[in-house]
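Residues per chain are reported as follows:
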Amino acid sequence: MAASFTGDSCIENPTTYDRFQQLKAFDESKSGVKGLVDAGITKIPRIFCRPKEDLVSVKPTQDQFVVPVIDLGNIEQRSDEVISGVKKAAGEVGFFQVVNHGVPQRVLDEMLVAARAFHELPSEVKKGYYTRETRKKVIYSSNFDLYQSRFANWRDTLFCVIGPEPLDPQELPLVCRDIMMKYSNHIHKLGTTLFELLSQALGLKPDHLLGLDCPKGHCLLSHYYPACPEPELTMGTTKHSDPDFLTILLQDQIGGLQVFHENQWIDVPFVPGALVVNIGDLLQLISNDKFKSVEHRVLANRTGPRVSVACFFTPHLYPSTKIYGPIKELLSEENPPIYHETTVQHFISYYDSKGLDEKFALTQFKLHG
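Residues numbered from 1 in each chain as written. Predicted model: local features only at pLDDT ≥ 70, side-chain atom pairs only at ≥ 80, totals over all residues. Heavy atoms only, no water.

1. Remarks on the sheet that holds strand β9 (residues 264-267)
Condition: Should DSSP find at least two bridges between two strands, the strands are taken to pair. Note on conventions: DSSP H or I runs of at least 4 residues are helices, E runs of at least 2 residues are strands, and numbering of each starts at the N terminus. Note on geometry: axes are C-alpha line fits, over the in-contact stretch for helices, and angles between N-to-C directions span 0 to 180 degrees.
Across the sheet, which stays open at both edges, the 4 strands sit in the order β6-β11-β8-β9 with antiparallel pairing between neighbours. Pairing within the sheet leaves two strands with one partner each, and these edge strands are β6 (237-240) and β9. With direction set aside, neighbouring strand axes in the sheet form an average angle of 25 degrees. By the bridge criterion, 3 bridges tie strand β8 (residues 257-261) to strand β11 (residues 296-298) in an arrangement that is antiparallel. Each bridged residue has a counterpart across the sheet, and for Val 259 the counterpart in β11 is His 296.

Below you can see the structure in the form of structure tokens.
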């Protein structure tokens, strides 16, 4: 498989290059980026090469700005302080880290180990989960937008829809089954707490976002970024925002996650025991821009693998006629609605159809006039 790519690197310009056939060959191998690395490639295949016009420095601008860290310990006694911190972070940065969040360190450690263990299973075992059928609840693939994107990302993913319809644990790979269900339960409780804090940060009752079913469904995405022989020529994950209400991310110590803040890229460093939280597109929509869903990316790295587990709070493609628009209590003559109403399904379908094309999905849902 890898042999068909080895003579087709970024710096060469063969007249016979057929991008679709190369993508198809990579996809049909069902081996992902990990398969290429295991085959011993020393040059990245051309399908992963960023366009020449993009090949500016990917290093963040040096800046004193630090992504906020919010302590959730003793929250009952410190509610005003915590809500104030959440309001500032969600409204100004769109990203923050939480500590003393209630998820045991042992569970965090075991989740990362299990995520890595899945991606390092023999290729023949993983192939049983490889699919581009979006309606499946457990999907192993490399680049959900492989055929839409300008260049493929140096990343493989295990995508699992945990709710709102309960997932049968037997559908999960054995190597990560038990810890994934345990981690999911912990992260759902934390998500509920965060939605209560975010509701209050909007000046609403604590259960307002819960009443809108924001934490009702969630998906777990276990990302695996193998060490890359030419990291400056590709990306781990292209610049994007998240198509959900809220994301909670568990990341290892390798680094590479960056957030776009005030026209520069800022590192989101590994903080021992912390979880990274970011506002999703749907929460920016219903908050009528009071909260910010910001663009972020992951750099490819010579060191690796980098492993992360993202929890997307969204019903995803679960059939529902529920309509989401700017929350009425937040609107006034001075603050008219910025977005038109949509279903989650419609929003996800639009997002998936365009892929990670570096265009902000919410722009499509803005009211014009």
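Picking up after the structure, the text goes on.
2. A word on the confidence of the model for the chain
Formally: A residue's pLDDT is simply how confident the predictor is in it, with values from 0 to 100. By definition, residues are in contact when any of their heavy atoms lie within 4.5 Å.
Across the chain, the average pLDDT comes to 92, with 93% of residues at 70 or higher. Below a pLDDT of 50 lies the segment residues 1-7, which in the model reaches 15 contacts outside its immediate sequence neighbourhood of four places, other chains included.

3. Points about the pattern of salt bridges
Using the following cut-off: Any Lys or Arg side-chain nitrogen found within 4 Å of a carboxyl oxygen on Asp or Glu counts as a salt bridge. Each residue's exposure class comes from its accessible area (1.4 Å probe, protein chains only) as a fraction of the maximum for that residue type: buried when under 20%, exposed when over 50%, partly exposed otherwise.
Counting across every chain of the model gives 12 salt bridges. Among the ionic pairs, Asp 38 bridges to Lys 34, the shortest N-O distance being 2.9 Å. In this pair, Asp 38 and Lys 34 are both assigned in helix α3 (residues 32-38), 4 residues apart and thus about one turn of the helix distant. Taking relative accessible area as the criterion, Asp 38 reaches 54% and is therefore assigned exposed. In this structure Lys 34 comes out as buried when scored by relative accessible area, which is 14%. The partner of Lys 43 in a salt bridge is Glu 230, and the shortest N-O contact between them spans 3.7 Å. In this pair, Lys 43 is assigned in the loop between α3 and β1 (69-71) and Glu 230 in the loop between β5 (218-225) and β6, connecting sequence segments 187 residues apart. Relative accessible area serves as the criterion here: at 38%, Lys 43 is assigned to the partly exposed category.

4. Remarks on the environment of Pro 269
Relative to the helices and strands, Pro 269 is located in the loop between β9 and β10 (275-279). Pro 269 sits in the partly exposed class, given a relative accessible area of 38%. In sequence terms Pro 269 and Val 66 are 203 residues apart; their C-alpha atoms lie 8.9 Å from each other.

5. A short note on the environment of Val 98
Tracing the sequence through the fold places Val 98 in strand β2 (residues 95-99). Ignoring sequence-local partners within four residues, the contact set of Val 98 consists of Ile 70, Leu 72, Leu 194, Gly 273, Ala 274, Leu 275 and Val 277.

6. A look at the nonpolar core
Stated formally: Here, nonpolar core means buried Ala, Val, Leu, Ile, Met, Phe, Trp, Tyr and Cys residues that are tied together by side-chain atoms lying within 4.5 Å of each other.
One finds Leu 72, Tyr 183, Leu 194, Leu 198, Leu 246, Leu 275 and Ile 286 to be the most contacted residues of the largest nonpolar core, which totals 72 residues. Among the elements that line this core, the one with the most residues is helix α7 (residues 177-201), at 10 residues. In this structure Leu 72 touches Arg 78, Val 82, Val 98, Val 99, Asn 100, His 101, Leu 190, Leu 194 and Leu 197, once residues within four positions along its chain are discounted.

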